[in-house]
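# Report on the structure
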Amino acid sequence: MRAKRDEQFMRAALKEAKKALGQTSPNPAVGAILVIDNRIVAKGHHRAAGCDHAEIECLRDFGADVPSRATLYVTLEPCSTAGRTAPCTDAIIKAGIKNVVVGAPDVNPRHSGKGIMKLRKARVKVREGVLADECARLNEAFNKWIVSGLPFVIAKCGMTLDGRLTRPADEPGWITDSSARRHARQLRAQVDAILVVAETVRVDNPRLTVRDVRQVRQPWRIVLTRSGKLPRRVHLFSDRFASRTLIYRGESLATMLKNLGKRGITSVLIEGGGEVLGQALDARLIDKVQLYLGPILSGGPVIAFPGRGAKNTANALRLRCVSYRRIGQSVCIMGFPEAPPSK
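Conventions we followed
Residues numbered from 1 in each chain as written. Predicted model: local features only at pLDDT ≥ 70, side-chain atom pairs only at ≥ 80, totals over all residues. Heavy atoms only, no water. Pairing = 2+ DSSP bridges. Helix = DSSP H or I, 4+ residues; strand = E, 2+ residues; numbered from the N terminus. Axes fitted to C-alpha atoms, helices over the stretch in contact; angles between N-to-C directions. Phe/Tyr/Trp six-rings, centres within 6.5 Å; stacked < 30°, edge-to-face > 60°. Buried < 20%, exposed > 50% of the residue type's maximum accessible area, 1.4 Å probe, protein only. Lys NZ or Arg CZ within 6 Å of the ring centre and 35° of its normal. Patch = residues over 30% accessible without salt bridge, like charges linked within 9 Å, V, L, I, M, F, W, Y side chains within 5 Å. Areas by Shrake-Rupley, 256 points an atom, 1.4 Å probe, with all protein chains shown as cover. Salt bridge = Lys/Arg side-chain N within 4 Å of Asp/Glu carboxyl O. Contact = heavy atoms within 4.5 Å. Core = buried A, V, L, I, M, F, W, Y, C linked by side-chain atoms within 4.5 Å.

Turning our eyes to something else, we now look at the sheet that holds strand E7 (residues 193-197). With mixed pairing, 8 strands are arranged side by side in an open sheet as E9-E8-E7-E10-E6-E11-E13-E12. Each end of this open sheet is capped by a strand with a single partner; those strands are strand E9 (245-249) and strand E12 (319-327). Ignoring which end each strand starts from, the neighbouring axes of this sheet average 20 degrees apart. Direction of pairing for strand E8 (residues 220-225) relative to E9: parallel, over a ladder of 5 bridges. The partner of Ile222 across the bridge, within E9, is Leu246.

Laid out in structure tokens, this is it:
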């Protein structure tokens, strides 16, 4: 009974955390709720780096002395060290909270497990691991970056059923329908940077802006080029977000990602074209794929994932946790590459 109740309230905390997705980098997105007598009495989420953490927001929302029978639910292990803000564990202990339920542990080596240990030493009852996978998935980009220093890489494209990025020459328009494109654009609001190659800039003149989502920041726009010869009047260099555009000339994809990680960029969305998608696949740099299949066959030379490719099926990149969702007349396929087998 208690386990079911804990999951119910942790889902409410997850819902709170998702309010700030894409706004907290390089910090994780975290949500917290306070429960008294099986009723949610306060909520809070971390709004942006440098702002109060979810636990502090939640306690402020309650605005009164916390009774000992209250339980605080938080999607991520409370921090135990001072950074831009004071330790949340101190605030929890000072507020007199006696029961805390934690979703996922903090994978940051500096903090992992220390917050839970500190609470228990203060005689706070801590239950951990409630909806741990869902809570960890919420911060998949932060979790990779804080451990490896590399951004989480998402490969996204709209492609035909035969794996092309080519539209029929006599049929102007898009491969996917408007509802699928709107769904895909929402992904931009959750990442730190969007990557395209020079040819995409020359041919499509993309804006790479966040639309259809309110109160979000504009991600960095990254252009990977060999020659450095780029048209200066395109949107990326002339619109109001021009200062958010970075050019990498003659760099390998791996080197560029290392540099972006050092800049505090925790996630990169590869939007095109096929050449860079193929490079990322060959180098096994992809952490997540989000593909949109339009109901057309086009043939043509522009393949979604070209490159060297796998030597055989056994060496192909396989996905786990695969989901399929129909959006309008298109199908969105999402999954995570399996780790290569250990030698």
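How two aromatic rings sit relative to each other is given by the distance of their centres and the angle of their planes. In the structure shown here, the tally under the stated rule is 1 aromatic pair. Relative to Tyr73, the ring of Phe9 has its centre 5.4 Å away and its plane inclined at 50 degrees; by these criteria the two rings are tilted. One end of the pair, Phe9, is in helix H1 (residues 2-17); the other, Tyr73, is in strand E3 (residues 71-76), and 64 residues separate them in sequence. Each member of the pair, Phe9 together with Tyr73, is buried. Across from the ring centre of Phe336, 4.2 Å away, lies the NZ or CZ of Arg137, which sits over that ring. It is Arg244 that lies over the ring of Trp220; its NZ or CZ is 4.3 Å from the centre.

To continue, consider a nonpolar patch on the surface. On the surface, Val322, Tyr324 and Val331 cluster together to form a nonpolar patch covering roughly 270 Å² of accessible area. With respect to the helices and strands, Val322 occurs in strand E12. By relative accessible area, Val322 is classed as partly exposed at 34%.

Next up on the list: the sheet that holds E3. Pairing is mixed across the open sheet formed by 5 strands, whose spatial order is E2-E1-E3-E4-E5. Each edge of the open sheet is held by one strand with a lone partner, namely strand E2 (39-45) and strand E5 (125-128). For this sheet, the mean angle separating the axes of adjacent strands, direction not counted, is 20 degrees. Most of the contacts of H1 go to E3, to which it runs at about 60 degrees, and overall it touches strand E1 (31-36), E2, E3, strand E4 (99-104) and E5.

Ranked by internal contacts, the top residues of the largest apolar core, which has 36 residues, are Met10, Leu34, Leu72, Tyr73, Ile97 and Val100. Contributing elements (two or more residues each) for this core: H1, E1, helix H2 (54-62), E3, E4, helix H4 (114-121) and helix H5 (132-138). Excluding its chain neighbours within four sequence positions, the residues that come into contact with Tyr73 are Arg5, Asp6, Phe9, Met10, Ala13, Gly31, Ala32, Ile33, Val35, Val101 and Arg127. Membership of the second largest hydrophobic core comes to 28 residues, among which are Ala193, Leu195, Met256 and Ile270.

Okay, unusual backbone geometry next. With an omega of 5 degrees, the peptide bond between Ser25 and Pro26 qualifies as cis. Looking at where Pro26 falls in the secondary structure, it is placed in the loop between H1 and E1. Positive phi values are uncommon outside glycine, yet Asp37 reaches one of about 55 degrees. Position of Asp37 relative to the elements: it lies in the loop between E1 and E2.

To continue, consider the environment of Ala189. In this structure, Ala189 sits in the loop between helix H7 (178-188) and E7. With 116 residues separating them along the chain, Ala189 and Phe305 place their C-alpha atoms 24 Å apart. Among residues more than four places away in sequence, those in contact with Ala189 are Leu21, Gly22, Gln23, Val210, Val213 and Val216.

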